[in-house]
Number of protein chains: 2
Amino acid sequence: MSNLTATQQQAWQALSQHYEAFQATKLSELFAQDSQRFAKYSFEAAGWLLDYSKNHVSTETIKALVNLAEACELPAAIKAMTNGVAINNTEQRAVGHMALRIPRAQNGGEAQQFIVNGEDQMPLVHAVLGQCSRFANAVRSGQWLGYTGQAITDVVNIGIGGSDLGPQMATIALREYWQKGLQLHFVSNVDGHDISETLERLNPATTLFVIASKTFTTQETMANAHAARRWFLAGFENNTQSSSQNIAIGKHFVAVSTNAQAVQAFGIDAANMFGFWDWVGGRYSMWSAIGMPMMLAIGPERFAQFLSGAHAMDEHFKAAPLQRNMPVLLALLEVWYRNFYKTNSRCIAPYHHRLRRLPAYLQQLDMESLGKSVDREGQPLTRSSGTVIWGEPGTNGQHAYFQLLHQGTDVIPVDFILVAQPDHSIPDQQRMLLANGLAQSRALMVGRNLADSGSSHKTFIGNRPSNTLVTQHLTPESLGALIAMYEHKVFVCSVIWNINAFDQWGVELGKVLAKGTEQLLMPDGQPSEAAIASTDSSTLGLANYLRAKSH
Amino acid sequence: MSNLTATQQQAWQALSQHYEAFQATKLSELFAQDSQRFAKYSFEAAGWLLDYSKNHVSTETIKALVNLAEACELPAAIKAMTNGVAINNTEQRAVGHMALRIPRAQNGGEAQQFIVNGEDQMPLVHAVLGQCSRFANAVRSGQWLGYTGQAITDVVNIGIGGSDLGPQMATIALREYWQKGLQLHFVSNVDGHDISETLERLNPATTLFVIASKTFTTQETMANAHAARRWFLAGFENNTQSSSQNIAIGKHFVAVSTNAQAVQAFGIDAANMFGFWDWVGGRYSMWSAIGMPMMLAIGPERFAQFLSGAHAMDEHFKAAPLQRNMPVLLALLEVWYRNFYKTNSRCIAPYHHRLRRLPAYLQQLDMESLGKSVDREGQPLTRSSGTVIWGEPGTNGQHAYFQLLHQGTDVIPVDFILVAQPDHSIPDQQRMLLANGLAQSRALMVGRNLADSGSSHKTFIGNRPSNTLVTQHLTPESLGALIAMYEHKVFVCSVIWNINAFDQWGVELGKVLAKGTEQLLMPDGQPSEAAIASTDSSTLGLANYLRAKSH
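Per chain, the residues get numbers from 1 upward, laid out in the order the sequence is written. Chains carry letters and ligands carry numbers; both start at the beginning, A for chains and 1 for ligands, and go up in the order they are written. Where totals are concerned, whole chains, interfaces and linings use all residues; where local detail is concerned, this predicted model gives features only for residues with pLDDT of at least 70, and gives and counts side-chain atom pairs only at 80 or more. In computing side-chain properties, one takes all heavy atoms of the structure into account and sets aside hydrogens as well as water.

### Considerations on the packing of helix α7 (residues 165–173) of chain B against helix α15 (residues 358–370) of chain B
All names here are of chain B.
At step 1: For every element, the axis is a line fit to its C-alpha atoms; helices are fit only across the contacting stretch, and the angle between N-to-C directions ranges from 0 to 180 degrees. Secondary structure elements are defined from DSSP: runs of H or I of at least 4 residues count as helices, runs of E of at least 2 residues count as strands, and each element is numbered from the N terminus. Two elements in contact, α7 and α15, have axes separated by 9 Å at closest approach and are oriented at 155°. The orientation of α7 with respect to α15, classified from their angle, is roughly antiparallel. Note on packing geometry: the crossing formed by α7 with α15 is left-handed. Note on element contacts: α15 touches α7 through L358, A360, Y361 and Q364, opposite L165, G166 and M169.
At step 2: The residue inventory of the contact of α7 with α15, partitioned by class, reads 5 nonpolar, 2 polar and no charged. An angle below 35 degrees is read as roughly parallel, one above 145 as roughly antiparallel, one from 65 to 115 as roughly perpendicular, and any other as oblique. Put simply, a crossing is left-handed when the front helix is turned counterclockwise from the back one by less than a right angle, and right-handed when it is turned clockwise. Note on contacts: a residue pair is in contact if any heavy atoms of the two residues lie within 4.5 Å. Gly is placed with the polar residues, together with every amino acid not listed as nonpolar (Ala, Val, Leu, Ile, Met, Phe, Trp, Tyr, Cys and Pro) or charged (Asp, Glu, Lys and Arg).

Next up, the structure:
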């Protein structure tokens, strides 16, 4: 924020003044003043309804926020991303997750392009998607066989961060569409309990491993991949069939990676390596070959619907006026709360049990993108940027942390996510679920005063804001649109704060230090003096304690 | 804080002055100044090492914080809890989770008592524990048979909040000790997907349901219990064996409850109702019959070890001087950060995959206990109370939200939880796991300056605090001690803030509003004018939209 243009300074200033005048106005007053508030502050896009009426906003607020977005040249930023400009400036890369969702041209129409360094990337995108689809179909149809000639019954995705959270969250969400007889598993943690617990239930002869690591060097993923390989070969050697080890590995391991040499050294057939590009960031990669577990679970056609739902949100994002643009409004509300109301976290409350991993997914998407302290030019920010994202599904959260949302000393905005139609046949429970979601957002807003409650312990301040997002049914399309919406929301925040949402330098230092720290934990002998000198008494003391307690 | 004694005012004042003088001192300076910092700021209790040296504390800080604790009469508060005083003053109840951990007298020694309203509760506690143990042993040994004469293979715990999060977290944590051939499942959400997905894998003839609801009226739990009952009877009726419906239900449903009438009306034999008492709060109840799923999974003897680990922490908490008291120090550090450094959340990072539900468990324990805005007398607080608790297991978090911990604009204290010995046989991965945990806490502390990083995008401010907790092995004992430690930490915070940690009035309003909101969602006809008048245009608009989209 150090290098604000005059227009930007004016826009922030106007918001400050508006905040001072407006902040005493209660949400319930806004509703009392305007019977049309819901109609005015809600709209649909790409299969989702956003109701943002239970927020601290008036026509003037939205105007001032949109004015800030314009001062920050948001429309140009959206165009730059669309046009393959290297907006990831610290890594000199374009940002192409929207391109991953562009459909093939149909009926002789003109295809959308995504030009990076003068070259249209869409043929590459669609070629890999075709390769992935053929592979997924072969596994799903039982045509792809393991080394004993049996079809695959279990798929284990080994990846971490962006190679895990997205596909895992979406695969759980779309459980209704899973192929019968094919189970999906996800292993991410370097903690050996994760892979051990997963493998102990599986049969090597019918298990397929998808090793997802762009560089094929990610420490956690490679450790788990090698553990899986050892387990597989142990099972294989116990088997009497004679077939060479490498041929067998090739039938049970595939890779999502770009490092062909390392993939082949591992024993994976280069034909079964599914690639992507440097303009696909880890936390934006589930639309690429990283989505392989989804394709295996729900099939390539439904995966195409997932892409198509996201594409519908992309088109909305690119075309809708800012004041009626869902990701833009959600982002501006975030900025409004973060920088003026000084909020420090947002609670994500999906009222759908299959969206239970959405908060963990959004933690990476949002916090890794927006947890920055310098602007795009490297100048220290003078305003707060990204906040903590957290949550558990409703109604569970109501019996856990909602107490603090209602009666704690901090104001914490909430996103309620509701789905009208369930995939089960207990309509009463669906009605209870939705009634609870609506009741919570209303309770947060209206509160309860002393006269009604009879005790200050039972009084609720109320006046606590929330968004409500509603879709008809949790399908590949609606899920795709929801995720794309949050992606774009994060991007818009980054434009307003002038930060790079696509790098993550903050994860580097820990990786470097972990290498040195391993030396301190070696079972035999003392760590070297150099290793000791390069650390602190706490790390050294803890390492000594852990070493002593390991035996 | 409105009614502070002179001594309390002085203690807060002294901390303010100390903060002003101390806050510019960096963590790395504290380490540079004192080579013995780890030794001074770490100690063991009940099988856990706490290293709190990577916090913004000096000898003076601890002295001033302990002084505050004394001014708030913490020792007397601990005694009052121990002695069965009705410290849950808004509900006029004693608080007895520590009593649930008191062992039977051994070798003719004198038994500890827990006197509530003049009566020792310990005989009741041990009687129910005995009843639970006999039942658990019968199921585990295969002596307890289902209606077709088969042994139980699957147990489904149906409960929510305190009747779910504790037993679920602990059962997952202690997976190493599960009885072979007995699978545990947990259903909590009123969302019908939760129960439907669970039941579709199970066989009614070998499934046992534990319905956990103190009042046997909890909406979510009873809805799921009735869904389970319908599913069971459908399976039963398809079965050709002739045996009366109620006898069959009695073999497959038991209750953890105190409402004998409702339990029997459901079809459960009163002999299979396991009770507890009004001095056991929901979120403090896993030590009681609510721990039934744990007893079934790991057996009554190991459950006794779990209690004994907690009891060891209780004894430490009651006896250790405040400045060397683990829960007390953790609480004082929380107050220090929350009220002086103005932190708004704490990240829980367990470096053990089986502790992956610990953050969700602690969300309820901490946020439901401390998310209050009035003091014990009902006066508005003038300081911030409870914060957001969140997290995912390491190393997963490192590839997701750690970016924001390192480079975000907010300071977020972290609890690192490390376990020396794993229950798997991949020592390299265990070493990587621990090295990563140590490296992250060091990276947060030391940061990286511009000279070393070469770019302000790669610079880390550092100076970010964390606790590290270490135990030798994740066992029933060490888990019990860990949970008791966090319980007492929460209690100490509540004493300092003078709030009631044992009520949760903030969850009431939503429940009331949900009943009315259900009317708005009925499929046929329009909601009544009264129902419409009693709500707001947002809730009504959303209800109309959901109704329209439900068909």
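### Some remarks on the relation of the copies chain B and chain A
At step 1: Once chain B is rotated about the relating axis by 180° and shifted along it by 0.0 Å, it coincides with chain A to within an RMSD of 0.0 Å. Taken together, the rotation and translation describe the operation of a two-fold axis. Superposing the copies works by least squares over the C-alpha atoms of residues that have pLDDT at least 70 in both of them.

### A look at the sheet that holds strand β12 (residues 414–421) of chain A
Residues and elements named next belong to chain A.
At step 1: The rule for pairing is simple: two strands pair if DSSP sees at least two bridges between them. As summarised here, the arrangement of the 6 strands in space is β1-β2-β13-β12-β10-β11, forming an open sheet in which the pairing is mixed. Taken across any chain shown, the strands that pair with only one partner, and hence form the sheet edges, are β1 (42–45) and β11 (388–390). Going from strand to strand, the sheet's axes swing by 20° on average, the running direction of each strand aside.
At step 2: Packing of helix α15 (residues 358–370) onto the sheet brings it into contact with β10 (345–351), β11 and β12, and relative to β11 it is tilted by some 165°.

### Examining the interface of chain B and chain A
Accessible area lost upon the coming together of the parts serves often as the stated size of an interface.
At step 1: Contacts between the two partners involve 138 residues from chain B, matched on the other side by 138 residues from chain A.
At step 2: A quick way to say it: buried area is the sum, across both parts, of accessible area lost when two parts are put together, with a 1.4 Å probe. Both sides of the chain B and chain A interface together cover about 11900 Å² of buried area, and 59% of this is carbon and sulfur.
At step 3: Summed over the three residues of chain B that lose the most area to chain A, namely B:H193, B:H399 and B:H457, the buried surface amounts to 6% of that side.
At step 4: By definition, a salt bridge exists where a carboxyl oxygen of Asp or Glu is found within 4 Å of a side-chain nitrogen of Lys or Arg. Our count for the contact surface shared by chain B and chain A stands at 12 salt bridges.
At step 5: Between A:E392 and B:R357 there is a salt bridge whose closest N-O contact spans 3.0 Å.
At step 6: Here a polar contact is taken to be a pair of N or O atoms separated by no more than 3.5 Å, where protein atoms must pair a possible hydrogen donor with a possible acceptor and residues adjacent in sequence count only if both atoms sit in side chains. Taken together, the connections running from chain B to chain A amount to 82 residue pairs in polar contact (both at pLDDT 80 or more).

### Digging into the pattern of salt bridges
At step 1: The full count for this structure, using the stated rule, is 38 salt bridges over all chains.
At step 2: Between A:R101 and A:D314 there is a salt bridge; the shortest N-O distance is 2.7 Å. Of this pair, A:R101 sits in the loop between α5 (74–82) and β3 (115–116) while A:D314 sits in helix α13 (residues 300–319); the two residues are 213 residues apart in sequence, bridging distant segments of the chain. The pair A:R101 / A:D314 is uniform in exposure class, with both members buried.
At step 3: A salt bridge links A:R338 to B:D410; its shortest N-O distance comes to 3.1 Å. Separated into two different chains, A:R338 in helix α14 (residues 326–341) and B:D410 in the loop between α16 (402–407) and β12 (414–421) make up a pair that spans both. A simple rule labels every residue: compare its accessible area, found with a 1.4 Å probe on the protein chains alone, to the largest value its type can have, and call it buried under 20%, exposed over 50%, or partly exposed in between.

### A word on the side chain of A:D51
At step 1: As for its placement among the helices and strands, A:D51 is situated in strand β2 (residues 48–51).
At step 2: The charge count includes Lys and Arg as positive and Asp and Glu as negative, but it does not include His or the ends of the chains. The side chain of A:D51 sits in the buried core without any salt bridge; A:K54 is the nearest counter-charge, 4.3 Å away.
At step 3: Side-chain polar atoms of A:D51 contact the side chain of B:S538, separated by 2.5 Å.
At step 4: The residues contacting A:D51, other than those within four sequence positions of it, are A:F38, A:Y41, A:S42, A:S466, A:N467, A:T468, B:S538 and B:L542.

### Brief notes about the sheet that holds strand β5 (residues 154–158) of chain B
Residues and elements named next belong to chain B.
At step 1: Strand order in the open sheet made by the 5 strands is β6-β5-β7-β8-β9, with parallel pairing throughout. A single partner strand is all that each edge strand has here, and the edge strands are β6 (183–187) and β9 (273–274).
At step 2: In terms of strand pairing, strand β7 (residues 207–212) meets strand β8 (residues 253–256) through 4 bridges, oriented parallel. Counterpart to V210 in the pairing with β8 is V254.
At step 3: Together, β5, β6, β7 and β8 form the strand contacts of helix α9 (residues 219–238), whose direction differs from that of β7 by roughly 160°.

### Here we look at the environment of A:A99
Residues and elements named next belong to chain A.
At step 1: By the secondary structure assignment, A99 is in the loop between α5 and β3.
At step 2: Judged by its relative accessible area of 2%, A99 is buried.
At step 3: For A99 and M81, which are 18 residues apart along the polypeptide, the C-alpha to C-alpha distance reads 9.7 Å.
At step 4: Discounting chain neighbours no more than four positions away, the residues touching A99 are F114, M122, V125 and W279.

### Quick notes on α14(A)
At step 1: Taking 1.5 Å per residue as the helical rise, α14(A) with its 16 residues ought to reach 22 Å, and the 21 Å between its terminal C-alpha atoms agrees with that figure.
At step 2: Counting buried positions over the 16 residues of α14(A) gives 16, a clear majority of the element. Each residue after the first adds 1.5 Å to the expected span of a helix.

### Examining the pairing of β2(A)
All names here are of chain A.
At step 1: The two faces of β2 match: W48 and L50 on one face and L49 and D51 on the other face are all buried.
At step 2: When β1 meets β2, the two strands line up antiparallel, connected through 4 bridges. Paired with F43 across the bridge in β2 is L50.
At step 3: Between β1 and the antiparallel strand that follows it, β2, lie 2 residues; A46 among them carries a positive phi value of about 50°.
At step 4: By the bridge criterion, 4 bridges tie β2 to strand β13 (residues 466–473) in an arrangement that is antiparallel.

### Section: the pairing of strand β6 (residues 183–187) of chain A
Residue and element names in this part refer to chain A.
At step 1: By the criterion of burial, β6 is predominantly enclosed, with 4 of the 5 residues buried.
At step 2: As paired strands, strand β5 (residues 154–158) and β6 are joined by 5 bridges and run parallel to one another. Across the sheet, V156 pairs through a bridge with H185, a residue of β6.
At step 3: Here a crossover is taken to be right-handed if, once the strands point away from the viewer, the path from the first strand over the helix to the second is traced clockwise. For the handedness criterion, the β-α-β arrangement of β5, helix α7 (residues 165–173) and β6 is classed as right-handed.

### Regarding the packing of aromatic side chains
All names here are of chain A.
At step 1: Each Phe, Tyr or Trp ring (for Trp, its six-membered ring) is paired with any other whose centre lies within 6.5 Å, and the angle between the two planes then decides the class: stacked below 30 degrees, edge-to-face above 60, tilted in between. Enumeration according to the criterion identifies 58 aromatic pairs over all chains in this entry.
At step 2: For the ring pair F232 and F236, a centre distance of 6.2 Å and an interplane angle of 10° mean the geometry is stacked. You can see F232 and its partner F236 sitting in helix α9 (residues 219–237), 4 residues apart, about one turn around the helix. Residue F232 shares its accessibility class with F236, and that shared class is buried.
At step 3: Pairwise contacts between aromatic rings join Y147, F209, F216, W231, F232, F236, F253 and F266 into one cluster.

### Side note on unusual backbone geometry
At step 1: At the junction of A:G394 and A:T395, the peptide bond is cis and its omega measures out at 10° in the coordinates.
At step 2: With respect to the helices and strands, the residue A:T395 is situated in the loop between β11 and α16 (402–407).
At step 3: You will see that B:A46, though not glycine, has its phi angle at about 50°, which is positive.
At step 4: Secondary-structure assignment places B:A46 in the loop between β1 (42–45) and β2 (48–51).
At step 5: Looking at B:A46, the relative accessible area reads 27%, which means it is partly exposed.
At step 6: If you check the backbone angles, B:K342 has positive phi at about 60° while not being a glycine.
At step 7: Topologically, B:K342 is positioned in the loop between α14 (326–341) and β10 (345–351).

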